[in-house]
Amino acid sequence: MKVNNTLVVSVGQAGNQIASSFWRTLCLEHGIDPTTAQCKSGAAPKGNWSAFFSKLGDGSSASYVPRSVMVDLEPSVINQIKATTGSLFNPANLITRMEGAGGNFAVGYMGAGREVLPEAMARLDYEISKCDHVGGIIVLHAIGGGSGSGFGSLLIEEIKEKYPEHPILSCAILPSPQVSSVVTEPYNTVFALSTLRRFADACLIFDNEALFNVAFRRWGIESPSVDDLNLLITEALAGLTAPMRFSGFLTVEISLRELLTNLVPQPSLHFLMCTFAPLTPPHQSKFEEMGIEEMIESMFRNESMFAACSPMEGRFLSTAVLYRGVMEDKPQADAALASIRGRLPLTYWIPTAFKIGYVEQPGITHRRSVVLVANNTEVSRVFERICSNFDKLWQRKAFANWYLNEGMSEEQITAMRASAQDLIQSYRVAEETGVMNRGQEIQRRTSTPALAPEPEPTPQPQYTPAPVSRPIP
Ligand code: GDP
């Protein structure tokens, strides 16, 4: 059986912290020890492990090494990963430099990033050479800092240039003042978006603003830390990749390529958002289970989405619903989804864009779970928020010298801001053209019951910004 091999490249502090949590979860799901890369008493790992791991050796000494390359322009996070993961990762694939990017896109994209690029590409080339069939490349990075944003962009451009046939999914963390108060984050984010628009095949956004609120409201954490947000991201990424790693109902696997083919109706509309159900706090998941109908209903609530916007007010261009552990409840799941579909604001020119996946193997925290990945026009609201903060700075050229001194020009910066505006505009156009004629739309709104209301909200968070991860340049 042909298995698509997926590679994961993580960049910068956030990217590598998330990668560390993600790989630990994958190891546990496949029965691989996350510190030795081996299985208990020489047993074989569960599922289609070769989708994400390569095998070294045979018999009881065989080890299963993540297809991972980790890069950071400063050493602390990767050193920490080395110290806690024993012999899980190939040490040659853990690449660091000393200086850091100082929270500056230009340093990652044009300065220190150029210097580390050959080594990072060489390790990626090596990993690609060991694959039977590359299914795609996932890049984990935050785009509000310097390394993930600047070097992450440079790397994606280079990968696309060298391997145009391999789909690239950028999983991009978007900044929020609730989590970090680095003032130049809107600049870095807008600059990185310009690359993600042109070179990534798809970009799954994880908006810290929304994740913070989910952790506060749903998990009841008074002052969520980045580790809490990373748990949410890990749950979503484990669910998203589950159909690539385990067989399911009717399908052997859903490859990254197949998933993106379904989720990206036009190359210019490739920014995705996601959520996960049940959003039960991890420590309660053993004791409380959500019914399948409730899980499906909860995913489509605006407040559940890992992007600070209101998807039910926009248009769903395409959607993937990926179940785990619900095989015996499949008829109920199908019925619940069919019932909710009638109430969703779909796009009339893509009326059937629903990719559904079933994986028997449950995740490690929940017996039954679902991930929703959506291409929804409301993503433009998230970019509007970032661009509005960008404009406040750029109108006064505040902190502009940090970028100009690194070699960026004012024209370049203005062009990148215009590129973000084009992105917003393409989603606005998709939203407008997606509406059926007015009569049909009014009928949809009046003839179908609204989603059940959100449970009583807990009080709004007290904003206590977490420690700044990088100094203000
Ligand atoms: P880089 O190493 O220069 O790319 O900088 P970071 O990865 O620290 O990126 C800064 C942005 O990422 C800020 O918006 C931070 O709030 C956010 N951030 C930093 N670490 C984490 C993390 O572990 N998880 C999440 N969700 N966000 C993070």
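Everything here concerns the structure above.
Caption draft 1: Fine view of the sheet that holds strand β7 (residues 168–174). Read from one edge to the other, the open sheet built from 10 strands follows the order β5-β4-β1-β6-β7-β8-β9-β12-β10-β11, with strand pairing classed as mixed. One side of each edge strand has no neighbouring strand; the edge strands of this open sheet are β5 (94–96) and β11 (354–359). Averaged over all neighbouring strand pairs, the angle between strand axes comes to 20 degrees, with direction disregarded. Direction of pairing for β7 relative to strand β8 (residues 202–207): parallel, over a ladder of six bridges. If you follow Ser170 over to β8, its bridge partner there is Cys203. Across the face of the sheet, helix α8 (residues 226–245) comes into contact with β1 (5–11), β6 (134–142), β7, β8, β9 (271–277), β10 (316–324), β11 and β12 (369–376) while running at roughly 80 degrees to β10.

Caption draft 2: Structural view of the site of the ligand. The immediate surroundings of the ligand are formed by 20 residues, with Gln13, Ala14, Gln17, Gly148 and Asn230 found nearest. In the model, an oxygen atom of the ligand is placed 2.5 Å from a nitrogen or oxygen of the Gln17 side chain. Within the side chain of Glu185, a nitrogen or oxygen atom sits 3.0 Å from an oxygen atom of the ligand. Burial of the ligand by the protein amounts to 99% of the accessible area it has alone, namely 570 Å². Sorting the residues of the shell around the ligand by element identifies α1 (12–30), α5 (147–162) and α8 as the ones contributing at least two each. Sort the elements by how many residues they give to the shell around the ligand and α1 lands first, with four residues. Tallied by class, the residues present in the shell around the ligand amount to seven nonpolar, 11 polar and two charged.

Caption draft 3: Examining the state of the cysteines more closely. Inspection of the entire model under this criterion finds zero disulfides. In this structure Cys171 is not part of a disulfide, and its nearest cysteine sulfur, from Cys203, lies 7.7 Å away. Classification of Cys171 by relative accessible area gives buried; the value is 2%. The class of Cys203 is buried, set by a relative accessible area of 0%.

Caption draft 4: Summary view of the nonpolar core. Counting residues in hydrophobic clusters, the biggest one holds 91 residues, and the most contacted among them are Phe151, Ile205, Phe271, Phe300 and Tyr323. In terms of residues, this core owes the most to one element, helix α12 (residues 379–395), which gives eight residues. In contact with Ile205, not counting residues within four places along its chain, are Ala172, Leu174, Phe271, Leu272, Met273, Phe306, Ala307, Val379, Val382 and Phe383. Among the nonpolar cores identified, the runner-up in size contains 60 residues, and Phe52, Ile81, Ala202 and Val371 belong to it.

Caption draft 5: Representation of helix α11 (residues 330–341) within the structure. Between the first and last C-alpha of α11 there are 16 Å, a value that for 12 residues agrees with the 16 Å anticipated at 1.5 Å per step. For α11, the full list of buried residues reads Lys330, Ala333, Ala336, Leu337 and Ile340. An end-on view of α11 places all buried positions within 130 degrees of arc, on one side of the element. Turning to α11, the residues buried within the fold contact α10 (292–299), β10 and β11.

Caption draft 6: Structural view of unusual backbone geometry. At the junction of Ala277 and Pro278, the peptide bond is cis and its omega measures out at 5 degrees in the coordinates. Within the secondary structure layout, Pro278 lies in the loop between β9 and α10. In this model, Ala37 sits at a positive phi of 65 degrees, which is unusual for a non-glycine residue. A relative accessible area of 1% places Ala37 in the buried class. Positive phi values are uncommon outside glycine, yet Phe399 reaches one of about 60 degrees. The topology assignment puts Phe399 in the loop between α12 and α13 (400–404). On the accessibility criterion, Phe399 (29% relative accessible area) is partly exposed.

Thresholds, definitions, all that
Starting from 1, residues in each chain are numbered consecutively following that chain's sequence as written. Residues qualify for local features only when their pLDDT is at least 70, as the model is predicted, and side-chain atom pairs are given and counted only at 80 or more; totals for whole chains, interfaces and linings, by contrast, use all residues. Side-chain measures were taken over the full set of non-hydrogen atoms in the model, leaving aside hydrogen atoms and water. Being paired, for any two strands, means DSSP has found at least two bridges between them. The way it works is that DSSP assigns letters per residue, a run of H or I at least four long becomes a helix, a run of E at least two long becomes a strand, and they are numbered from the N terminus. Angles here are taken between N-to-C directions and fall from 0 to 180 degrees, while the axes themselves are lines fitted to C-alpha atoms, restricted in helices to the stretch in contact. The contact rule is simple, with two residues in contact once any of their heavy atoms fall within 4.5 Å. When we say a residue is near a molecule or strand, we mean one of its heavy atoms is within 4 Å of it. Here a polar contact means two N or O atoms within 3.5 Å. Within protein one must be a hydrogen donor candidate and the other an acceptor candidate, and residues neighboring in sequence count only if both atoms are side-chain atoms. Using a 1.4 Å probe, the Shrake-Rupley method yields the accessible areas, and only the shown protein chains count as cover for residues. Residues are sorted three ways: Asp, Glu, Lys and Arg are charged, Ala, Val, Leu, Ile, Met, Phe, Trp, Tyr, Cys and Pro are nonpolar, and all the rest, Gly among them, are polar. Throughout, disulfides are identified as pairs of cysteine sulfur atoms within 2.5 Å of each other. The buried label goes to any residue with under 20% of its type's maximum accessible area, the exposed label to any with over 50%, and the partly exposed label to all in between, with areas taken from a 1.4 Å probe on protein chains only. Side-chain atoms within 4.5 Å link the members of a nonpolar core, which is a set of buried Ala, Val, Leu, Ile, Met, Phe, Trp, Tyr and Cys residues. A helix is expected to span 1.5 Å for every residue after the first. In this context, the arc is that of the directions from the helix axis out to the C-beta atoms.

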